[in-house]
Amino acid sequence: MSCYQCAGIAACYGSKQPALDREEARAKAKACSLWHKGRTTETVKVVGRDRGMSRGKAQRKVEEGEAVWVGPGVVRLQGK
C-alpha cells in the first residue's frame, strides 16, 4: 500500500495529490501508524452499531465533523 491508496491522504498532506514520488509514498505508508490508515474500501467498525462502513466514508464523516476516530479502524459517530 502507498499513501496514494490511503483514505487519510488529504488529512495527512492537505491534498489528495501531494508531491510525493512512488517510493516515498510507499515508505511513508509503511511507517504510518495513524488510526485512519488504510484503503478506502476496507470496512471499519462503528461504535454502537452492528454494521460497519467503508474507511473512505468514515474518513469523509470525520472531515465533516460527524465522527471521530477512537482507535485503529474504529469510529464513533457524533451525537449518536
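Structure first, text after, so check above.
All values reported here derive from a predicted model rather than from experimental measurement.

Colleague: I would appreciate a short explanation of the pairing of strand β3 (residues 67-71) in the present structure.
Modeller: The side chains of a regular strand alternate between both faces of the sheet. As paired strands, β3 and strand β4 (residues 74-77) are joined by 4 bridges and run antiparallel to one another. Bridge pairing in β4 links V68 to R76. In this structure, the hairpin formed by β3 and β4 is closed by a connection of 2 residues, where G73 is found at a positive phi of approximately 75°.

Colleague: I'm lost on the pattern of salt bridges in this one. Help?
Modeller: As a working rule, side chains carrying opposite charge can pair if their charged atoms are close by. What the rule picks out here adds up to 4 salt bridges. A salt bridge links E42 to R55; the shortest N-O distance between them is 3.0 Å. Residue E42 is found in the loop between α2 (22-31) and β1 (43-46), and its partner R55 is found in helix α3 (residues 55-63); the two are separated by 13 residues along the sequence. The residue E66 makes a salt bridge to K61 at a minimum N-O spacing of 3.2 Å. Taking relative accessible area as the criterion, E66 reaches 35% and is therefore assigned partly exposed.

Colleague: I would appreciate a short explanation of the nonpolar core in the present structure.
Modeller: Looking at soluble globular proteins, one finds that nonpolar side chains tend to be buried together. In terms of nonpolar packing, the biggest core is built from 8 residues, these being V44, V46, M53, A58, A67, W69, V75 and L77. Those elements giving two or more residues to this core turn out to be β1, β3 and β4. When neighbours within four sequence positions are excluded, W69 is seen to be in contact with W35, H36, V44, R55, A58, Q59, V62, V74 and V75. C3, I9, L20 and A25 belong to the second largest nonpolar core, which has 5 residues in total.

Colleague: Would you mind going over a positive patch on the surface with me for this structure?
Modeller: There is a patch of like positive charges on the surface, built from K16, R49, R51, K57 and R60. For R51, the location among the structural elements is in the loop between β1 and β2 (53-54). Assessed through its relative accessible area of 70%, R51 is described here as exposed.

Colleague: Just to check I follow, could you spell out α3 for this structure?
Modeller: Because each turn of an α-helix spans 3.6 residues, side chains separated by three or four positions end up pointing in the same direction. Buried within α3 we find R55, G56, A58 and Q59. Down the axis of α3, the sector holding all buried residues measures 160°, keeping them to one side. Backbone geometry just downstream of α3 places G65 in the positive-phi region, at approximately 80°.

Colleague: Honestly, the sheet that holds β2 in this entry has me stumped. Any pointers?
Modeller: As a general point, the strands of a sheet are linked pairwise by backbone hydrogen bonds and lie either parallel or antiparallel. Across the sheet, 4 strands lie side by side as β2-β1-β4-β3; this open sheet has mixed pairing. Strands with a single pairing partner mark the edges of an open sheet, and in this sheet they are β2 and β3.

Colleague: Would you mind showing me how to read the environment of E23 here?
Modeller: The residue E23 is located in helix α2 in this model. Separated by 21 residues in sequence, E23 and S2 have C-alpha atoms that sit 8.4 Å apart.

What counts, and where the lines are drawn
Residues numbered from 1 in each chain as written. Predicted model: local features only at pLDDT ≥ 70, side-chain atom pairs only at ≥ 80, totals over all residues. Heavy atoms only, no water. Pairing = 2+ DSSP bridges. Helix = DSSP H or I, 4+ residues; strand = E, 2+ residues; numbered from the N terminus. Salt bridge = Lys/Arg side-chain N within 4 Å of Asp/Glu carboxyl O. Buried < 20%, exposed > 50% of the residue type's maximum accessible area, 1.4 Å probe, protein only. Core = buried A, V, L, I, M, F, W, Y, C linked by side-chain atoms within 4.5 Å. Contact = heavy atoms within 4.5 Å. Patch = residues over 30% accessible without salt bridge, like charges linked within 9 Å, V, L, I, M, F, W, Y side chains within 5 Å. Areas by Shrake-Rupley, 256 points an atom, 1.4 Å probe, with all protein chains shown as cover. Lys, Arg positive; Asp, Glu negative; His and termini not counted. Charge placed at Lys NZ, Arg CZ, Asp CG, Glu CD. Arc of directions from axis to C-beta.

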